[in-house]
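Residue-level structure breakdown
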Amino acid sequence: MFTRRQSKLLEILLNNVQGITGTKLAEYLEVSSRTIRSEIGEINRAWKDGSIIKSSRKQGYYIEETDLSAVRSYFLSEGQEKREEEVKDRGWMILGMVLKAGRADIFDVENELALSQPAVHKEVSRFQKKLLSEYQCELLRMSGEWIWIENDEAKIRQTLFRIIKNETQERTRHYAWFLKTFLQEDFDQKEYDWMVKLVKEYFDSKCIQVSDDNLYMIVSAVYITMIRGFQNHKVAASEEAEPAKEEVQQFFAFLKEQGFDFDEGDRQVLEGLLHGFRLTAKIAAESEIDSLSILILEDFCHDVMEKYHFDLWQSQSFYENILNHIEYMMRRMETGYEAKNPILNEIKKQYPYAYEISMLMVPIVFRYKNCYIQDDEISFIAIFVEHFLENVNKKLEAVLISSARFSVNSIVSKWIGLNFQNQIEIVDIMPKHSLEQYLETHSVDLVISIMDTFVHPTIATFRVDGIPNQYTLAAMNALVYKIRVNYRFREIIKEHFNKTTIRIYREKVEFVQLIEELSQALKAEDCIYDVKEFVNDVLQREVNYPTYIGDWFMIPHPLMTFAKKTAIGVGILKKPARIHSKEIQVVFLLAMEHKQNEQIGVLFEFFRHMAQNRSAIGRLAAVETEEEFVEVLIRISNSLES
């Protein structure tokens, strides 16, 4: 019989029929190449039909095509099930012997496992430590002639769910083995397979996509609940439990239609597990996302922008996907069913930068929940970040103004490639006199100059003085951050400023008339619900809480009325209006949704800077068209210091 590592080695070879090197096998199994050679020798000696694993310099180690079916049969045979009866699995078997009646005679355990009494004591002691360290529970007790369970039924089921969820991550197709071990003779393979088919058809009918692991986990939990109920193990219902989510209630209604009518206590325990699964046909709507998840993601995006200068907000689909993941990650944390990532170590090796960025999530979650997220959950976040870096992130396109010394050009190019490979792409290297002609046909975000005196008048320019050092790195990071923030503001302008909601008033206009007309423009774009209610709230607010910023512009907005979607109406007053004893030239009428919106925070920060710059207000007041207003607003954002 093969050891777990030998079976894992065979499984890897089955998944790499073209062959795989010994070095790669050693890396996957985290052992030395010498150990791999030794294990392959043991497998070949033990295989009943002679050597099964071949090797060649060209292919590495492989299994010949004629032998593949025999190896696959091994993984589906009883011999594979017997492999689970290794030493490290005896604890599960002892637990299974105790579960049904709540206790077992040590003498019966000795006979079943062919162990001496001291060996049984040793196994139980080892297993108790495993349960305590990995599952934070003391499920088994042992004294005298008995082994028993000392927990209420809710805790027992929660622990069984967690065991199956975690232990099957690296044991594909072994849900049935654990159920058979825990439920003993009450487990019926055909009944379980029927339930899998039933639940799968339900998910298909609702267009709900769940992974194979999640499907089997859900069915296993339902099956355990059913059998434990038949065995007369009851769960006391909690009066403090919150109502289940709608999608979970729908699943229970389906189960009831099929004859699985669980007690309230049964449902509450199952709800805790199901709460962490996405049982909807699409990514959860924002209204279904907890406000804490949004707050955590906004903080994460902000910290990533500030420390690593990546704008995670730039892709709406990426933002929605990672928000959805965070929502269910927080649910798993709350219910104790945190996910295990079987490729955790590979992610750390392959994506160290994405993993390091993802570590910013740790202090954020701790700040709100006073607990640390598991390494496995961080690695899932790293997968999202790596996808962003490879497929979503827009690198700044830079031109390098070359020096006469080729060696200096080479040093600077390599330095940028080493320190800014995910942020800056040098699209061309050229002398200064060629730049303007190049810019006529190319768009450039950044000019990097090795010439001390050169600064481009309209494009961000970074001058490298001599050999780059730590101060150069800090300065370049600051500039990249500023460019990213400017990009961010441009996207906000495109999203929230619409030329149909911009009005240029060339004659004197009263404040009330201005607010009414801008509100009607917002209503025409379906941004607000009711014009009259919106206007009244804006005007009432101004009586008690004026919204002027500085002496030349104001940002009126309602106190209590929320909008359908966030938008901004703009009034440009060629003849200033005297409001609150201020000569107002520019008015930004804000319509804001009833939700956290980081973009509005960015706008308010921009308004604060603009309030200190009289010339910026003058430039906006001087525009003649709605399109020109947007262009000038972007240019102002580029020129203001953060």
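Structural data are supplied above this passage.
1. Describing the overall build of the protein
On a plain count of helices and strands, the protein comes out with 28 helices and 14 strands. Taken over C-alpha atoms, the radius of gyration comes to 33 Å for the protein, far larger than the 26 Å a tight globule of 642 residues would show. Looking at the protein residue by residue over its 642 residues, the buried ones come to 49%. For the protein, contacts bridging at least 24 residues in sequence account for 70% of all contacts bridging at least 6. A total accessible area of about 32500 Å² is found for the protein, and carbon and sulfur atoms account for 48% of it. Counting 78 positive and 98 negative side-chain charges, the protein places the centres of these two groups 4 Å from one another.

2. Structural notes on the side chain of His325
On the secondary structure map, His325 appears in helix α16 (residues 316-335). Of the residues examined, His325 reaches a relative accessible area of 15% and is grouped as buried. Setting aside residues up to four positions removed in sequence, His325 forms contacts with Arg332, Glu377, Phe380, Ile381 and Phe384.

3. Describing the packing of aromatic side chains
Both the distance between ring centres and the angle between the ring planes are used here to describe each pair of aromatic rings. A complete count under the given rule lists 24 aromatic pairs for this structure. Ring geometry for Phe187 and Tyr192: centres 5.9 Å apart, planes at 50 degrees, overall tilted. Like Tyr192, Phe187 is buried. Taking 5.8 Å as the distance between ring centres and 85 degrees as the angle between the ring planes, the aromatic pair formed by Tyr192 and Tyr223 counts as edge-to-face.

4. Considering the packing of helix α11 (residues 189-205) against helix α12 (residues 212-230)
Contact geometry for α11 and α12: axes closest at 10 Å, N-to-C directions at 125 degrees. Between α11 and α12, the angle is such that the two are oblique. Where α11 crosses over α12, the handedness of that crossing is right-handed. The residues of α12 that touch α11, namely those facing Glu191, Tyr192, Met195, Val196, Val199, Lys200 and Phe203, are Leu215, Tyr216, Ile218, Val219, Ser220, Val222, Tyr223 and Met226.

5. Topic: the sheet that holds strand β5 (residues 146-149)
The three strands are arranged β3-β5-β4 in an open sheet whose pairing can be described as antiparallel. Strand pairing shows two members of the sheet lacking a second neighbour, β3 (103-105) and β4 (140-143), which therefore form its edges. Neighbour-to-neighbour, the strand axes of the sheet open up by a mean angle of 20 degrees, direction not taken into account. Strand direction decides the pairing type here: β3 and β5, joined by three bridges, are antiparallel. Opposite Arg103, over in β5, you have Trp148 as the bridge partner. Its contacts with the sheet place helix α7 (residues 106-113) against β3, β4 and β5, and it is angled at close to 70 degrees to β3.

6. A look at the pattern of salt bridges
Where charged atoms from two side chains of opposite charge approach closely, those side chains can pair. On inspection of all chains with the given rule, the structure shows 29 salt bridges. A salt bridge links Glu334 to Lys369; the shortest N-O distance between them is 3.9 Å. On the criterion of sequence distance, the pair formed by Glu334 in helix α16 and Lys369 in helix α19 (residues 361-369) is long-range, its members being 35 residues apart. Of the residues examined, Glu334 reaches a relative accessible area of 49% and is grouped as partly exposed. Judged by its relative accessible area of 32%, Lys369 falls in the partly exposed class. One salt bridge in this structure joins Asp375 and Lys348, with 2.5 Å as the shortest N-O distance. Of the two residues, Asp375 sits in helix α20 (residues 375-392) while Lys348 sits in helix α17 (residues 344-350), which places them 27 residues apart along the sequence. Judged by its relative accessible area of 25%, Asp375 is partly exposed. The exposure class assigned to Lys348 is partly exposed, which follows from its relative accessible area of 32%. A cluster of three or more residues bridged by salt bridges with shared partners is formed by Glu153, Arg157, Arg228 and Asp266.

7. Some thoughts on the sheet that holds strand β10 (residues 497-505)
Across the sheet, which stays open at both edges, the five strands sit in the order β10-β13-β14-β12-β11 with mixed pairing between neighbours. At either end of the open sheet lies a strand with only one pairing partner, and these are β10 and β11 (548-549). Here five bridges tie β10 to strand β13 (residues 567-579), and the two strands are oriented parallel to one another. Bridge pairing links Ile502 to Val570 in β13.

8. Regarding the nonpolar core
A general tendency of soluble globular proteins is for nonpolar side chains to be buried together. Residues Trp92, Leu95 and Phe251 are the most contacted members of the largest nonpolar core, which totals 70 residues. When residues of this core are assigned to their parent elements, the largest contribution, 10 residues, is made by α12. Residue contacts for Phe251: discarding those within four places in its chain leaves Val199, Tyr202, Phe203, Ile218, Val222 and Leu274. Counting 38 residues, the second-largest nonpolar core is a separate cluster that includes Leu312, Ile357, Phe388 and Val392.

9. Here we look at the state of the cysteines
Simply put, disulfide is the name for a covalent bond between the sulfur atoms of two cysteines. One pass over the structure, following the stated rule, counts zero disulfides. Cys137 carries a free sulfur, and the closest cysteine sulfur to it, the one in Cys371, is 19 Å from it. Residue classification places Cys137 among the buried positions, given a relative accessible area of 4%.

10. Focus on unusual backbone geometry
Phi at His309 is positive, roughly 65 degrees, even though this residue is not glycine. Within the secondary structure, His309 is located in the loop between α15 (291-308) and α16. Its relative accessible area of 6% is what places His309 among the buried residues. With phi around 60 degrees, Asp526 is a residue other than glycine that occupies positive phi space. Judged by its relative accessible area of 40%, Asp526 is partly exposed.

11. Brief notes about a nonpolar patch on the surface
Taken together, Tyr545, Leu559 and Met560 make up a surface patch of nonpolar side chains, about 350 Å² in accessible area. With respect to the secondary-structure elements, Met560 resides in the loop between β12 (553-554) and β13.

12. Quick look at the environment of Ile636
Tracing the backbone shows Ile636 in helix α28 (residues 626-639). The class for Ile636 is buried, based on a relative accessible area of 0%. For the pair Ile636 and Ala563, spaced 73 residues apart in sequence, the C-alpha separation works out to 27 Å. Those residues within four positions of Ile636 in sequence are excluded, and the remaining contacts are Phe606, Met610, Ala616, Arg619 and Leu620.

The rules behind each value
- Think of each chain on its own: its residues are numbered from 1, step by step along the sequence as written.
- It should be noted that, the model being predicted, local features are given only for residues of pLDDT at least 70 and side-chain atom pairs only at 80 or more, the latter also being counted only at that level, while totals for whole chains, interfaces and linings use all residues.
- The side-chain values count all of the structure's non-hydrogen atoms but skip hydrogen atoms and water molecules.
- Counting from the N terminus, the helices are DSSP H or I runs at least four residues long and the strands are E runs at least two residues long.
- The globule rule used for comparison is 2.2 Å times the number of residues to the exponent 0.38, while the radius of gyration itself is calculated over C-alpha atoms.
- Burial status follows relative accessibility: with a 1.4 Å probe on protein chains alone, a residue under 20% of its type maximum counts as buried, one over 50% as exposed, and anything between as partly exposed.
- Throughout, a residue-residue contact means that at least one pair of heavy atoms, one from each residue, lies within 4.5 Å.
- Each accessible area value is a Shrake-Rupley result obtained with a 1.4 Å probe; residue values ignore everything except the protein chains displayed when judging cover.
- Counting rule applied: Lys, Arg positive; Asp, Glu negative; His and chain ends not counted.
- Working definition for charges: the position is that of NZ of Lys, CZ of Arg, CG of Asp or CD of Glu.
- Paired rings are identified among Phe, Tyr and Trp, the last through its six-membered ring, by centres lying within 6.5 Å, and are further divided according to the angle between planes into stacked (under 30 degrees), edge-to-face (over 60) and tilted (the rest).
- To define axes, lines are fitted to C-alpha atoms, for helices over the stretch in contact only, and angles between the resulting N-to-C directions are given on a 0 to 180 degree scale.
- Each angle receives one of four descriptions, namely roughly parallel if under 35 degrees, roughly antiparallel if over 145, roughly perpendicular if within 65 to 115, and oblique otherwise.
- Crossing handedness: left-handed means the near helix sits turned counterclockwise from the far one by under a right angle, and right-handed means the same turn made clockwise.
- What makes two strands pair is DSSP finding at least two bridges between them.
- For salt bridges, the criterion is a side-chain nitrogen of Lys or Arg within 4 Å of an Asp or Glu carboxyl oxygen.
- Within this scheme, the nonpolar core is defined by two criteria: the residues are buried Ala, Val, Leu, Ile, Met, Phe, Trp, Tyr or Cys, and they are joined through side-chain atoms within 4.5 Å.
- Cysteine sulfur atoms are paired as a disulfide whenever they come within 2.5 Å of each other.
- Every patch collects residues that have over 30% relative accessible area and no salt bridge, joining them within 9 Å if they carry like charges and within 5 Å if they are nonpolar side chains (Val, Leu, Ile, Met, Phe, Trp, Tyr).

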